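Structural overview for review
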Amino acid sequence: MQHFPVFMAVKGRRIVVSGGGDAALAKLRLLLKTEARIEVYATEAAPEIEAWAAEGKLALLRRHIEASDLMGAVLAYGADEEDLLDARLSALAAETRVPHNIVDSLEDSAFITPAIVDRDPVVVAIGTEGAAPVLARSIKAELEARLPSSLGLLTRVGKSFRQAAERLPMGRRRRDFWADYYGSVGPQAHAKGGEEAVAPALAQLLADHLAEVPKRGHVDFVGAGPGDPELLTVRARRALDAADVVIHDRLVTPAILDLARREALIVDAGKEGFGPATPQAEIDALIVRHAKKGRHVVRLKAGDPTVFGRLDEEIEAVEAAGVSFAIVPGITAASAAVAAIGQSLTKRGRNSSVRLLTGHDVQGFADHDWKALARPGEVAAIYMGKKSARFVQGRLLMHGADPSTPVTVVENASRADQRVIVMLLSDMEPKMTEACIDGPALTFIGLAPREAQVIARNIVQEAVS
Ligand code: SAH
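For clarity, every value in this text was computed on a predicted model and none was experimentally measured.

Section: the site of the ligand
Neighbouring the ligand are 18 residues, the closest being Pro226, Asp304, Val307, Thr332 and Ala441. In this structure, Met384 approaches the ligand through a main-chain N or O atom, which is 2.9 Å from an oxygen atom. Contact distances for the ligand include 2.8 Å between a nitrogen atom and a backbone N or O atom of Ala413. Taking 540 Å² as the accessible area of the ligand by itself, protein coverage stands at 93%.

Set out below in structure tokens:
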């Protein structure tokens, strides 16, 4: 290690910056997070710096920096982006013995400014000794996603309870209390009730721990998105990180389950339309049983849990058992599928509404307002629509839909084996059957892939010319 990381006390002390351009701006954005007194020396300064000076956030001196300016400063930055001025600052820093950093010049600097993840008072500094700034940035991005934005607040509230928590015996019981707070109770309270909800939740948690009340369970109904782990929300990842039990649908991909906490119990509650199924009542009971044992249950559902997910039945069961819950939205199949074909779900002048339909419901093929759906320009996204294709096609044609209405099926949207099948309403069947679709598939009525439109336009143009 050629550089040793430290956290330096800068409150009320001076940090001087030479330069007023982009390099100075980038450093100032960081420095302004501190409680140091910032002085900028620049003959010309960017408008943002001028504005900060006007707001009193820093002092702007419109001249070159002198040795006397460095005296007593804790840090000095050379951000002039000019070799001569940088060399001058290095010399002044050496003379006054102030640690200095020349932006983008490791060799000329006495210290490095790390990449920072700021959840004040929790601060993570990342350094690669200048070897791989890109790597530092990607580590930063990972940590940014992993550490809840509420972490700073949770830590500040936590700090104010440190004394009260001393009533718990030191060691395991006290550690468990803090782990419960930072791992589940704190983030949950914040997600649900915002800043004000955190302190009361912590007070309750402490009371529970003091009275040795068994841990309360909690259920997160989490949207797993269409299958690509990159399409999980940050909150979904966090829930998976904290889960004791993950109860998932058949459609949730292994790559997503891999993200669950290593110790978590993974339960497959797969159901298949028209096929073997875990009865809904059994799933409800399963969720409640685990939550009642004081566990953090993640009920992981494909796409968005609020879309054709029988969410309400599960919520009712959880509510009836007096267990707390939260809903973490996900990217629904229609969103992923429409992205795959380069279209939008709604479009000015084409369709001002879009319908999410199910191909079948508990009674069989689902009935809909076919007349409305048959109108030109209407867009519908059909979930669970493979087996009902002929039924849908027949109903739409019967209600006067144009046989040349585009129909697009996106199978395995967002996954490596994604497939787009393009057809017209008139040949929807047998084309659907011929396509032998095994994976989950979303059917769009009234949408063709963007490229298909372009091809069609070109063909028309060719015919004309
Ligand atoms: N809650 C889910 C839908 C559950 S119903 C969501 O919001 O997406 C299950 C149906 O969703 C499947 O039959 C299929 O029509 C659709 N579906 C789910 N994942 C899909 C994917 N990756 N690609 C295409 N369709 C998908």
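Digging into the nonpolar core
Counting residues in each nonpolar core, the largest one holds 24 residues, and the members touching the most others are Ile15, Val17, Leu28, Ile38, Val40, Ile49 and Leu58. With residues near it in sequence (within four places) discarded, Leu28 still touches Val17, Ile38, Val40, Ile49, Trp52 and Leu58. In terms of nonpolar packing, the next biggest core, distinct from the first, is built from 22 residues, Trp370, Val407, Met423 and Ile437 among them.

Concerning the sheet that holds strand β13 (residues 354–358)
Pairing in this open sheet of five strands is mixed, and the strands run β13-β16-β19-β17-β18 from one edge to the other. Pairing within the sheet leaves two strands with one partner each, and these edge strands are β13 and β18 (419–424). The average angle at which neighbouring strand axes cross in this sheet is 20°, direction not considered. Across the face of the sheet, helix α14 (residues 333–340) comes into contact with β13, β16 (379–383), β17 (406–411) and β19 (441–445) while running at roughly 70° to β19.

Side note on the packing of helix α6 (residues 151–160) against helix α8 (residues 172–193)
Where α6 meets α8, the closest approach of the two axes is 10 Å, and the angle between their N-to-C directions is 120°. Judged on the interaxial angle alone, α8 and α6 are oblique. As α6 packs across α8, the resulting crossing turns out to be right-handed. Residues Leu153, Leu154, Thr155, Val157 and Gly158 of α6 pack against Trp178, Tyr181, Tyr182, Gly186, Pro187 and His190 of α8.

So, the sheet that holds strand β9 (residues 245–248)
Taking strand neighbours across the sheet as the criterion, the five strands line up as β10-β9-β11-β8-β12 in an open arrangement whose pairing is parallel. Only two strands of the sheet have a single partner each, and these edge strands are β10 (265–268) and β12 (324–328). Strand-to-strand twist in this sheet, taken as the mean axis angle between neighbours without regard to direction, amounts to 20°. Taken together, the five bridges between strand β8 (residues 218–223) and β12 define a ladder with parallel strand orientation. Along β12, the bridge assignment pairs Asp220 with Ala326. Where helix α13 (residues 311–320) meets the sheet, its contacts fall on β8, β11 (296–301) and β12, and the angle it forms with β12 comes to roughly 155°.

Description of unusual backbone geometry
What you tend to see is this: most non-glycine residues have negative phi, and most peptide bonds are trans. Each neighbour pair has its own omega, and for Asp120 with Pro121 the value is 10°, a cis peptide bond. As for its position among the elements, Pro121 is in the loop between β6 (115–119) and β7 (122–126). Despite not being glycine, Glu81 has its phi angle at roughly 55°, a positive value. Mapped onto the elements of the fold, Glu81 is located in the loop between β4 (75–78) and α4 (83–96). For Phe308, which is not a glycine, the phi torsion comes out positive at approximately 45°. By secondary structure assignment, the location of Phe308 is in the loop between β11 and α13.

The rules behind these values
- Residues numbered from 1 in each chain as written.
- Predicted model: local features only at pLDDT ≥ 70, side-chain atom pairs only at ≥ 80, totals over all residues.
- Heavy atoms only, no water.
- Near = heavy atom within 4 Å.
- Polar contact = N/O pair within 3.5 Å; in protein donor to acceptor, adjacent residues only side chain to side chain.
- Areas by Shrake-Rupley, 256 points an atom, 1.4 Å probe, with all protein chains shown as cover.
- Core = buried A, V, L, I, M, F, W, Y, C linked by side-chain atoms within 4.5 Å.
- Buried < 20%, exposed > 50% of the residue type's maximum accessible area, 1.4 Å probe, protein only.
- Contact = heavy atoms within 4.5 Å.
- Pairing = 2+ DSSP bridges.
- Helix = DSSP H or I, 4+ residues; strand = E, 2+ residues; numbered from the N terminus.
- Axes fitted to C-alpha atoms, helices over the stretch in contact; angles between N-to-C directions.
- Parallel < 35°, antiparallel > 145°, perpendicular 65-115°, else oblique.
- Left-handed = near helix turned anticlockwise from the far one by under 90°.

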